[in-house]
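Below are the chains, spelled out letter by letter.
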Amino acid sequence: MKFGLFFEHQVPRPWAVDDDRRVLTEALEQIELADRLGFDTAWVVEHHFLEEYSHSSAPDVFLGAASQRTKKIRLGHGIVHLLPAINHPARVAERVSTLDLLSGGRVEFGTGEGSASTELDAFGIDPIDKRAMWEEGLRVALRCMTETPFTGFAGEHVRMPPRNVVPKPAQQPHPPIWVACSRRETIHLAAQKGIGALAFAFFDPEEARHWVDDYYATLEAEGVPIGDAVNANVACVTSFFCHADAAEAVRRGADGSNFIGYSLGHYYVFGRNKPGMGDLWAEYHERRSEQGFDPEAVALAAASPDRLGARSVTEGGTSGLRGAIGTPDQVRAYLRRYEDCGVDEIILSCAGGRNRHEHIMETLELFARDVMPEFVDREGRRQAEKAARLAPVIDAVMARKPVGDHPPADPDYEIPAYPRLDADREESEKFHGWLDRYAERVAAGEDVSKRLA
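Here's what I pulled together on the structure shown here. The model shown is predicted, which means the values in this text are computed figures rather than measured ones.

### A closer look at the overall build of the chain
Piece 1. Assigned secondary structure in the chain consists of 16 helices and 13 strands.
Piece 2. Against the globule reference of 22 Å for 453 residues, the chain gives a C-alpha radius of gyration of 25 Å, in line with a compact fold.
Piece 3. Seen along its three principal axes, the alpha-carbon backbone of the chain occupies a region of about 90 × 55 × 40 Å.
Piece 4. In the chain, which comprises 453 residues, the share counted as buried stands at 53%.
Piece 5. A sequence separation of at least 24 residues applies to 73% of the contacts in the chain between residues at least 6 apart.
Piece 6. Accessible surface for the chain amounts to roughly 20400 Å². Of this, 53% is attributable to carbon and sulfur atoms.
Piece 7. Side-chain charges in the chain split into 52 positive and 72 negative, and the spacing between the mean points of these groups amounts to 2 Å.

Written out as structure tokens, the structure reads:
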């Protein structure tokens, strides 16, 4: 398996003046270290207005900074909101391509549609339309990356005339495409579109087997690529903290990991958000047991000889998110179960809540030293076996791509500058002549600024 890191840029209240800068700076330092240690990917979310839960509203800017401080680690959008009301697909293509060039071809292009009312309502999006918006946005963004020129699109949610969108990405035909998946239905959709499944859900490894089996069976039987290449991969997010002492791993990591779960529930399920006036961190600590996100439950379960699970449950009925929180031996055994189920990448989430920067750096170093090597040793063989097994499947999937996905360019299409357009409308040969002479003078190096004035 491959290993990635997951960043929400959480900033719990109460806020100090420097908190946002500190969180971003620490995340860059963590990614720098992960790059040196051999982690495969750093995934960064995009969210808007989700106070405390995620202050990652400009991931392309953050990843641009990360691209200049790293050499090998791949930079994952996890995800770009591809609803045109939030991000126009041409602008997405421009930003992703620029990041791909700056990073030397290291971008993973994760996409999604979002489902929080705080975000969608702010941009005037009807949740009923968001799946169709995502698909149109993704199709147009990919065509903008691959067509010279983009030949235009007239859909229900995106209308754009022909333009040559520049620059083009370093990775050809485009960076690997993913979609965020919180339900099995979306994993099925990912396989149907020939793109990777980013499973942002906390489940036990054995549950992942059904998701993985369904993904690859659907890809083979129904896959029709939305892009010009197939990205056949399933990745899963899990809570993570590693320490030589299991109780200390829980003490350092469980509170932050559970805050991710609670704040996620607040914005997506049970909360009432008051912009600028809430205190989600205080609410979490007041209500965490009754909502089922209780680090004490994880702590009580830490001494249990049972193997790790996504949730820890005590006799009293409270529960907490645990995942890969424990000793190197416990974490290794937990992750092997994902590997056995065919998961391609585990994305480790440890930068949550008020988890301390120095503890995160220590856990990354311990994991890279004591857990990762055996998985790295197996990865080359696993990749080769997978590539051989999927080669005929991917060939069949690519053969199903409709020719009409890339409409031909109109050779007569042109975009006149506004003065030239005025001359066309007025049918003024005199104006056209003036514009022609103006072009000749500019070409000859004449200073035409006074003429413009």
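The structure having been displayed, the exposition proceeds.
### Thoughts on the packing of aromatic side chains
Piece 1. Applying the stated criterion to the full structure yields 16 aromatic pairs.
Piece 2. A centroid spacing of 5.7 Å and a plane angle of 45 degrees characterise the contact between Tyr262 and Tyr284, whose relative ring orientation is tilted. One end of the pair, Tyr262, is in helix H8 (residues 246-270); the other, Tyr284, is in helix H9 (residues 280-291), and 22 residues separate them in sequence.
Piece 3. Note on Trp281 and Tyr284: the rings are 5.6 Å apart at their centroids and 50 degrees apart in plane angle, and the pair reads as tilted. In this pair, Trp281 and Tyr284 are both assigned in helix H9, three residues apart and thus about one turn of the helix distant.

### Considerations on a negative patch on the surface
Piece 1. A grouping of Asp410, Asp412, Glu414, Asp422, Asp424, Glu426, Glu427 and Glu429 is seen on the molecular surface, where their side chains present a negatively charged patch.
Piece 2. The element best represented in the negative patch is helix H14 (residues 418-426), accounting for three residues.
Piece 3. Turning to its location among the elements, Glu414 is positioned in the loop between helix H13 (372-399) and H14.
Piece 4. Accessibility expressed as a relative area gives 65% for Glu414, which makes it exposed.

### Focus: the pattern of salt bridges
Piece 1. Taken as a whole and assessed by the stated rule, the structure comprises 38 salt bridges.
Piece 2. For Glu379, the salt bridge is made with Lys2, and the minimal N-O distance between the two is 3.3 Å. Of the two residues, Glu379 sits in helix H13 while Lys2 sits in strand E1 (residues 2-7), which places them 377 residues apart along the sequence.
Piece 3. One salt bridge connects Glu113 with Arg131, and the closest N-O pair in it is separated by 2.8 Å. Here Glu113 is found in the loop between strand E4 (107-112) and helix H4 (117-120), whereas its partner Arg131 is found in helix H5 (residues 130-146), with 18 residues between them in sequence.
Piece 4. Connected through salt bridges with shared partners, the residues Glu135, Arg139, Lys193, Asp228, Lys401 and Asp405 form a single ionic network.

### Describing the side chain of Glu374
Piece 1. Structurally, Glu374 is set in helix H13.
Piece 2. Not counting residues up to four positions away in its chain, the partners in contact with Glu374 are Arg332 and Arg336.

### Topic: the packing of H5 against helix H6 (residues 184-193)
Two measures define how a pair of helices packs: the angle their axes make with one another and the distance between the axes.
Piece 1. Two elements in contact, H5 and H6, have axes whose closest approach is 14 Å; the angle formed by their N-to-C orientations is 30 degrees. Put simply, H5 runs roughly parallel to H6. The interaxial crossing formed by H5 with H6 has right-handed handedness. Between H5 and H6, the residues in contact are Arg131, Trp134, Glu135 and Arg139 and Glu185, Thr186, Leu189 and Lys193, respectively.

### Remarks on helix H11 (residues 328-340)
Piece 1. With 13 residues, H11 extends 18 Å between its outermost C-alpha atoms, agreeing within 8% with the 18 Å of an ideal straight helix rising 1.5 Å per residue.
Piece 2. Within H11, the full set of buried residues consists of Pro328, Val331, Arg332, Tyr334, Leu335, Arg337, Tyr338 and Glu339.
Piece 3. Backbone geometry just downstream of H11 places Gly342 in the positive-phi region, at approximately 90 degrees.

### Examining the pairing of strand E9 (residues 234-242)
Piece 1. Judged by how many residues are buried, E9 sits mostly within the fold: nine of nine residues are covered.
Piece 2. The pairing of strand E8 (residues 196-199) with E9 spans three bridges and is parallel. Bridge pairing in E9 links Ala199 to Cys236.
Piece 3. Across five bridges, E9 lies against strand E13 (residues 345-349) in parallel orientation. Across the sheet, residue Cys236 finds its bridge partner in E13, namely Ile346.
Piece 4. In the sheet, E9 pairs with strand E12 (residues 324-326) via three bridges, with the strands oriented parallel.

### Things to note about the nonpolar core
Piece 1. By size, the foremost hydrophobic cluster in this structure holds 91 residues, and its most contacted members are Phe3, Phe39, Leu335 and Phe367.
Piece 2. For Leu335, the residues in contact, after removing those within four places along its chain, are Met1, Phe3, Ile346, Phe367, Val371 and Phe375.
Piece 3. Residues Leu50, Leu280, Trp281 and Tyr284 belong to the second largest nonpolar core, which totals ten residues.

Quick notes on the rules
Residues numbered from 1 in each chain as written. Predicted model: local features only at pLDDT ≥ 70, side-chain atom pairs only at ≥ 80, totals over all residues. Heavy atoms only, no water. Helix = DSSP H or I, 4+ residues; strand = E, 2+ residues; numbered from the N terminus. Rg over C-alpha atoms; globule rule 2.2 N^0.38 Å. Buried < 20%, exposed > 50% of the residue type's maximum accessible area, 1.4 Å probe, protein only. Contact = heavy atoms within 4.5 Å. Areas by Shrake-Rupley, 256 points an atom, 1.4 Å probe, with all protein chains shown as cover. Lys, Arg positive; Asp, Glu negative; His and termini not counted. Charge placed at Lys NZ, Arg CZ, Asp CG, Glu CD. Phe/Tyr/Trp six-rings, centres within 6.5 Å; stacked < 30°, edge-to-face > 60°. Patch = residues over 30% accessible without salt bridge, like charges linked within 9 Å, V, L, I, M, F, W, Y side chains within 5 Å. Salt bridge = Lys/Arg side-chain N within 4 Å of Asp/Glu carboxyl O. Axes fitted to C-alpha atoms, helices over the stretch in contact; angles between N-to-C directions. Parallel < 35°, antiparallel > 145°, perpendicular 65-115°, else oblique. Left-handed = near helix turned anticlockwise from the far one by under 90°. Expected span 1.5 Å × (residues − 1). Pairing = 2+ DSSP bridges. Core = buried A, V, L, I, M, F, W, Y, C linked by side-chain atoms within 4.5 Å.

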